[in-house]
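Observations on the model geometry
The chain contents come next:
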Amino acid sequence: RESTIEWASPLVALPDPLFMMEAVRDPDGTAVELTYTFLNEAAAGLYGKSVDEVLGHGQCELFPSVKEAGIWDTYIGVIESGSPTSFDVPHFNENDVEGSFRLTATKFGDGLLVSANDTTAQVKAEKALEADRATLRATLDSLMDPHVLFEAVHDERGQIVDFRFADANPAACAYDGIAYQDLVGSRMLEHYPGVVGAGLLKQYTQVVETGQPLRLDDVVYPMETMGSQDRYLDISAARVGDGLSYTWRDVTDRHVAAARLAEWQDRYRLLAENASDVVFMAGSDRRIVWIAPSVTAALGWDPEELVGTQLADLFRPDFKIATVQDRVELYTKGHDVNPEGGFLFELRTKSGDYRWMSGHEHALTDPDGTPVGVVGGLRDVNDLVRARQEAQR
């Protein structure tokens, strides 16, 4: 008919698939099939068939799975109620038609006018995004360090005045001692008002405004959630949208351990520097890396003059030759070779004469047992040896 041609012509040219179906009823009036009465080229292309291969055929004939997928019931509901509807088909795969679709059905006579939108690419992208989010969530949740996502809170002038917890991993909730549902949605200043006075809020704001990441090490902060106890933190923050990806590590134990180690090192150095004995340390290359200032009183050398030299360079030549194998055992194999009572030998002083010294040397090894050097102690026994020699004479 002329009227049919008038409205059908523009529908044929539409880029989106469009088709019409008419109900086929049994003698009781129950719809048993929907027969294609019209489809445009886009719909035929979606089916991978020509228009003539589809026209006159029933939908259930071509795609029996529409009943199992619930599509048939939805179509019949539109015909019976007269109410149009749109719905998604997440995945369809039958008779060479595969993909995801959004269908809009409207009653048309005793049938339907249906438009289809191929959402396959969109659904795949959403699934990929969801998979990425799940991977990111699993990664963040598995982190031992606390991590939170902050959203900036602006005042009426657009200035950042606070940050809101948008997300947090289990480590962050455990560190703060706050349940996830109570933490997310709350504000930073509710829990940590001290960040203002500490200048941290200003630095966090600059990260959002400039996009420059922030890295702070050994920040001392009186942690409010721990009774304002001073904690040492390594902090990392980066801009994400209008907020922050924020991670921190409590390094208080590391700081305390380092402070104690430095304290003990200072004590040992003080003890070594003020002892009457000459304490020294040499590397695996046998060269002195440190020697106590007491060497000046004993031999006249300044410590700096001996650093980088070998102690054996001060031996009398005959003693140096006699102890070659001992030094190999000590420095190369990491074996202590001290005789009972220690070594007794003469060392050359800065003035060129020799003084009698007694000493012990101990090999230093790494955890694998590899020699890394020697630590030793020397005592001036020149007067004692001279007195003994005089007594013997």
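Because the structure is predicted, anything quoted here is derived from the model rather than measured.

For the rest of this paragraph, the subject is the nonpolar core. Among the nonpolar cores identified, the biggest contains 32 residues, and Phe-19, Tyr-75 and Leu-112 are the most heavily contacted of them. Considering every element that reaches this core, the biggest residue donor is helix H6 (residues 71–81), with six residues. Setting aside its immediate chain neighbours within four residues, Leu-112 contacts Phe-19, Met-20, Met-21, Leu-34, Tyr-75, Val-78, Ile-79, Ala-105, Thr-106 and Lys-107. One finds Ala-168, Met-188, Tyr-192 and Leu-244 within the second-largest nonpolar core, a separate group that totals 31 residues.

We now examine the packing of aromatic side chains. Evaluation of the coordinates by the stated rule reveals 16 aromatic pairs. Both rings, one in Tyr-36 and one in Tyr-47, keep their centres 5.8 Å apart while their planes meet at 75°; by these two values the pair is edge-to-face. Taken together, the positions of Tyr-36 in strand E2 (residues 31–39) and Tyr-47 in helix H2 (residues 41–47) put the pair eleven residues apart, joining distant regions of the chain. Ring pairs connect the aromatic residues Phe-150, Phe-163, Phe-165, Tyr-175, Tyr-204, Tyr-246 and Trp-248, which therefore count as one cluster. Directly above the aromatic system of Trp-72 lies the positively charged group of Lys-67, at a separation of 5.1 Å from the ring centroid. Here Arg-316 stacks its cationic end above the ring of Tyr-354, 4.1 Å away from the centre of that ring.

Further remarks concern helix H17 (residues 324–332). Among the residues of H17, those classed as buried are Arg-327, Glu-329, Leu-330 and Tyr-331. Buried residues belonging to H17 abut strand E11 (278–283), helix H16 (317–322), strand E14 (354–365) and strand E15 (371–380). Following H17 by one or two positions, Gly-334 adopts a phi angle in the positive range, close to 75°.

A word on the sheet that holds strand E4 (residues 97–107). What links the strands of a sheet is backbone hydrogen bonding, and the strands pair in either a parallel or an antiparallel sense. Read across the open sheet, the five strands follow the order E2-E1-E5-E4-E3; overall the sheet is antiparallel. If you trace the sheet from one side to the other, it starts and ends with E2 and strand E3 (85–94), each paired once. For this sheet, the mean angle separating the axes of adjacent strands, direction not counted, is 35°. In the sheet, strand E1 (residues 18–25) pairs with strand E5 (residues 111–118) via five bridges, with the strands oriented antiparallel. For Glu-22, the partnering residue across the bridge sits in E5 and is Gly-111.

Moving on, we come to the confidence of the model for the protein chain. For the protein chain, per-residue confidence averages 87 on the pLDDT scale, and residues scoring 70 or more make up 90% of the total. By mean pLDDT, helix H1 (residues 2–12) is the weakest element of the protein chain at 59, and helix H12 (residues 200–210) is the strongest at 96.

Next up on the list: unusual backbone geometry. Look at Asp-218: it is not a glycine, yet its phi comes out positive at around 55°. Considering the arrangement of structural elements, one finds Asp-218 in strand E8 (residues 214–223). Despite not being glycine, Arg-286 shows a phi value in the positive range, around 75°. Within the secondary structure layout, Arg-286 lies in the loop between E11 and strand E12 (288–291).

Most of E2 sits out of view: seven of its nine residues are buried. Sheet topology note: the E1/E2 ladder contains seven bridges and is antiparallel. Residue pairing across strands places Glu-22 opposite Thr-35, the latter belonging to E2. Here E1 folds back onto E2, and the loop between the two strands holds five residues, one of which, Gly-29, carries a positive phi near 90°.

Further remarks concern the sheet that holds strand E10 (residues 243–250). In spatial order, the strands read E7-E6-E10-E9-E8; together these five strands make up an open sheet with antiparallel pairing. At either end of the open sheet lies a strand with only one pairing partner, and these are strand E7 (160–168) and E8. The average undirected angle you get between the axes of adjacent strands in this sheet is 35°. As judged from the eight bridges shared by E8 and strand E9 (residues 229–239), these two strands associate in the antiparallel manner. Paired with Leu-216 across the two strands is Ile-235, which belongs to E9. Sitting on the sheet, H12 touches E7, E8, E9 and E10, and the angle it makes with E7 is about 80°.

Next up on the list: the pairing of E14. Bridge analysis of strand E13 (residues 343–348) against E14 gives six bridges, and the strand direction is antiparallel. Counted as the bridge partner of Phe-345 is Met-357 from E14. In textbook terms, the turn of a hairpin is the stretch between consecutive antiparallel strands, and for E13 and E14 this stretch comprises five residues, one of which, Gly-352, has a positive phi near 105°. Both E14 and E15 contribute to a ladder of nine bridges, which runs antiparallel. Across the sheet, Ser-358 pairs through a bridge with Arg-379, a residue of E15. In this antiparallel pair of consecutive strands, E14 and E15, the connection spans five residues, and Gly-369 shows a positive phi of 90°.

Following the sequence through the fold, Gly-376 ends up in strand E15. Take Gly-376: its relative accessible area is 6%, and that puts it in the buried class. Sequence separation of Gly-376 and Met-281 is 95 residues, and the distance between their C-alpha atoms is 6.4 Å. Excluding its chain neighbours within four sequence positions, the residues that come into contact with Gly-376 are Val-278, Val-279, Phe-280, His-360 and Glu-361.

Rules and cut-offs
- Residues numbered from 1 in each chain as written.
- Predicted model: local features only at pLDDT ≥ 70, side-chain atom pairs only at ≥ 80, totals over all residues.
- Heavy atoms only, no water.
- Core = buried A, V, L, I, M, F, W, Y, C linked by side-chain atoms within 4.5 Å.
- Buried < 20%, exposed > 50% of the residue type's maximum accessible area, 1.4 Å probe, protein only.
- Helix = DSSP H or I, 4+ residues; strand = E, 2+ residues; numbered from the N terminus.
- Contact = heavy atoms within 4.5 Å.
- Phe/Tyr/Trp six-rings, centres within 6.5 Å; stacked < 30°, edge-to-face > 60°.
- Lys NZ or Arg CZ within 6 Å of the ring centre and 35° of its normal.
- Pairing = 2+ DSSP bridges.
- Axes fitted to C-alpha atoms, helices over the stretch in contact; angles between N-to-C directions.
- pLDDT = per-residue confidence, 0-100.

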